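Residues per chain, in single letters:
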Amino acid sequence: MNALGPRFWEIFFEVYEGLPRQGPGNRACAARALAFCRDLPESPAILDLGCGAGEQTLQLAELVASGSIVAIDSHAPFIERLRAAIAERGLAQRVSAIVGDMARPQQPLGRFDLIWSEGALYSIGLQNALRVCHDLLRPGGYLAFTDAVWRKGNPPPEVRAGFDLDYPTMGWLADDVAAIQTCGFDLVAHFTLPDEAWWDDFYTPMEKRIAELRGKYANDVEASVMLDQLAEEPEMHRRHSGFYAYEFFVARRPFAQ
Ligand code: SAH
């Protein structure tokens, strides 16, 4: 990621900041994962790590009728956008959004009933993140997260190159399951995100946003090249989505630990 210069990140965020989501996922999948979290208290304490602009945070607030949600992201503009949505929906009593590093959370340990994280834990290394989550959860607390995994060997070079850039240590389903267990969790359930979870709130709006920005940057060769680069990801998915998947995992910190 760091090989890409500041101008790339400027264009990257100009594309991503306006999207409903910053990764694959949808409300139906969130509801399905949440249903595996049995026996949550009536007003659970929830932490959403790497919340992005917070679409899933807001959906969680609807799906869990009471309790608190703290949403954390390191990118301040996402948090500003989420704060505006929280205020607009009158959720300020229950939901707070803060800028922070999930690798060094300032939250109290052993307190959360549920930690949620869609498409973000890998940013600090999956095992590292799983350990952080384990310590933040109370015994019996749940971790619901998504992660990209390989699902077919020998990917085409463009697929390999794409993930080498974004997630070089990406493993297979069995690797994630092993990591979950190594880090002291019981695996409760897992399922693969359906294709519409990549498109409806993510790649379709992304392609629309890129098309808009092509107009804005028509006379800017550097920006246009970067938009071409960003456009490759949804295009790659259209052609090669059989090689990789996003998996939703629900894990639980055992009571005995
Ligand atoms: N959960 C959101 C966003 C996924 S994109 C969604 O599914 O739509 C991954 C997010 O993780 C980005 O918003 C990025 O800013 C955030 N992130 C990456 N590293 C982080 C860190 N160390 N601490 C907090 N957030 C981080």
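Residues numbered from 1 in each chain as written. Predicted model: local features only at pLDDT ≥ 70, side-chain atom pairs only at ≥ 80, totals over all residues. Heavy atoms only, no water.

Draft legend 1. Quick peek at the site of the ligand. The immediate surroundings of the ligand are formed by 19 residues, with G50, D73, D101, M102 and E118 found nearest. Contact between the ligand and D73: an oxygen atom at 2.6 Å from a side-chain N or O atom of the residue. Here a nitrogen atom of the ligand and a backbone polar atom of S74 are 3.2 Å apart. About the coverage of the ligand: the protein hides 87% of its 570 Å² of free accessible area. (Near = heavy atom within 4 Å. Polar contact = N/O pair within 3.5 Å; in protein donor to acceptor, adjacent residues only side chain to side chain. Areas by Shrake-Rupley, 256 points an atom, 1.4 Å probe, with all protein chains shown as cover.)

Draft legend 2. Broad picture of the packing of helix α6 (residues 157–166) against helix α9 (residues 221–240). Contact geometry for α6 and α9: axes closest at 11 Å, N-to-C directions at 135°. For the element pair α6 / α9, the angle class is oblique. Judged by the twist between their axes, the crossing of α6 over α9 is left-handed. Listed contacts from α9 to E158, V159 and F163 of α6 are M236, R239 and H240. (Axes fitted to C-alpha atoms, helices over the stretch in contact; angles between N-to-C directions. Helix = DSSP H or I, 4+ residues; strand = E, 2+ residues; numbered from the N terminus. Parallel < 35°, antiparallel > 145°, perpendicular 65-115°, else oblique. Left-handed = near helix turned anticlockwise from the far one by under 90°. Contact = heavy atoms within 4.5 Å.)

Draft legend 3. Structural detail: the nonpolar core. Counting residues in hydrophobic clusters, the biggest one holds 87 residues, and the most contacted among them are I115, W116, L121, L130, F163, F185 and Y244. Filtering out sequence-adjacent residues up to four positions away, I115 remains in contact with L47, L49, C133, L136, L137, Y142, L143 and A144. (Core = buried A, V, L, I, M, F, W, Y, C linked by side-chain atoms within 4.5 Å. Buried < 20%, exposed > 50% of the residue type's maximum accessible area, 1.4 Å probe, protein only.)

Draft legend 4. Looking closely at the pairing of strand β1 (residues 45–49). Buried residues dominate β1, accounting for five of its five residues. By the alternation rule, side chains of β1 split into A45, L47 and L49 and I46 and D48, which are all buried. Looking at chain direction, β1 and strand β2 (residues 68–73) are connected through five bridges and run parallel. Bridge pairing in β2 links I46 to I69. Each parallel crossover has a hand, and the one from β1 via helix α3 (residues 55–63) to β2 is right-handed. Relative to strand β4 (residues 112–117), β1 is paired through three bridges, and the arrangement is parallel. When the sheet's bridge partners are listed, I46 is paired in β4 with L114. (Pairing = 2+ DSSP bridges. Right-handed = clockwise from strand over helix to strand, strands pointing away.)

Draft legend 5. Structural detail: the packing of aromatic side chains. For the structure shown, the criterion picks out 20 aromatic pairs. A ring pair is formed by W150 and F163, whose centres lie 5.3 Å apart and whose planes are at 70°; its orientation type is edge-to-face. Taken together, the residues W150 in strand β5 (residues 137–150) and F163 in helix α6 connect sequence positions 13 residues apart. Judged by relative accessible area, which is 9%, W150 ranks as buried. In this structure F163 comes out as buried when scored by relative accessible area, which is 11%. On the basis of an interplanar angle of 35° and a centroid distance of 5.9 Å, the ring pair of W198 and Y203 is categorised as tilted. With respect to class, W198 is no different from Y203; both count as buried. (Phe/Tyr/Trp six-rings, centres within 6.5 Å; stacked < 30°, edge-to-face > 60°.)

Draft legend 6. Here's a closer look at the sheet that holds strand β6 (residues 186–192). With respect to topology, seven strands assemble into an open sheet ordered β3-β2-β1-β4-β5-β7-β6, the strand pairing being mixed. A strand with exactly one partner marks an edge of an open sheet, and here the two such strands are β3 (95–99) and β6. Averaged over all neighbouring strand pairs, the angle between strand axes comes to 15°, with direction disregarded.

Draft legend 7. Structural detail: the packing of helix α1 (residues 6–16) against α9. For the pair α1 and α9, interaxial distance at closest approach is 10 Å and the crossing angle is 55°. It follows that α1 is oblique to α9 by the angle criterion. Crossing of α1 against α9: the hand is right-handed. Mapping the contact onto sequence places R7, F8, I11, F12, V15 and Y16 in α1 and E222, A223, M226, L227, Q229, L230 and E233 in α9. The residue makeup of the contact of α1 with α9, split by class, is nine nonpolar, one polar and three charged. (Nonpolar A, V, L, I, M, F, W, Y, C, P; charged D, E, K, R; others polar.)

Draft legend 8. Highlighting the state of the cysteines. Scanning the model with the defined rule gives zero disulfides in all. Its sulfur unpaired, C133 is 9.5 Å from the next cysteine sulfur, which belongs to C183. (Disulfide = S-S within 2.5 Å.)

Draft legend 9. Region of the structure containing unusual backbone geometry. Of note, D39 is a non-glycine position whose phi angle comes to about 60°, a positive value. Structurally, D39 can be placed in the loop between α2 (27–35) and β1. In this structure, N154 takes a positive phi of about 50° despite not being glycine. Assignment of secondary structure puts N154 in the loop between β5 and α6.

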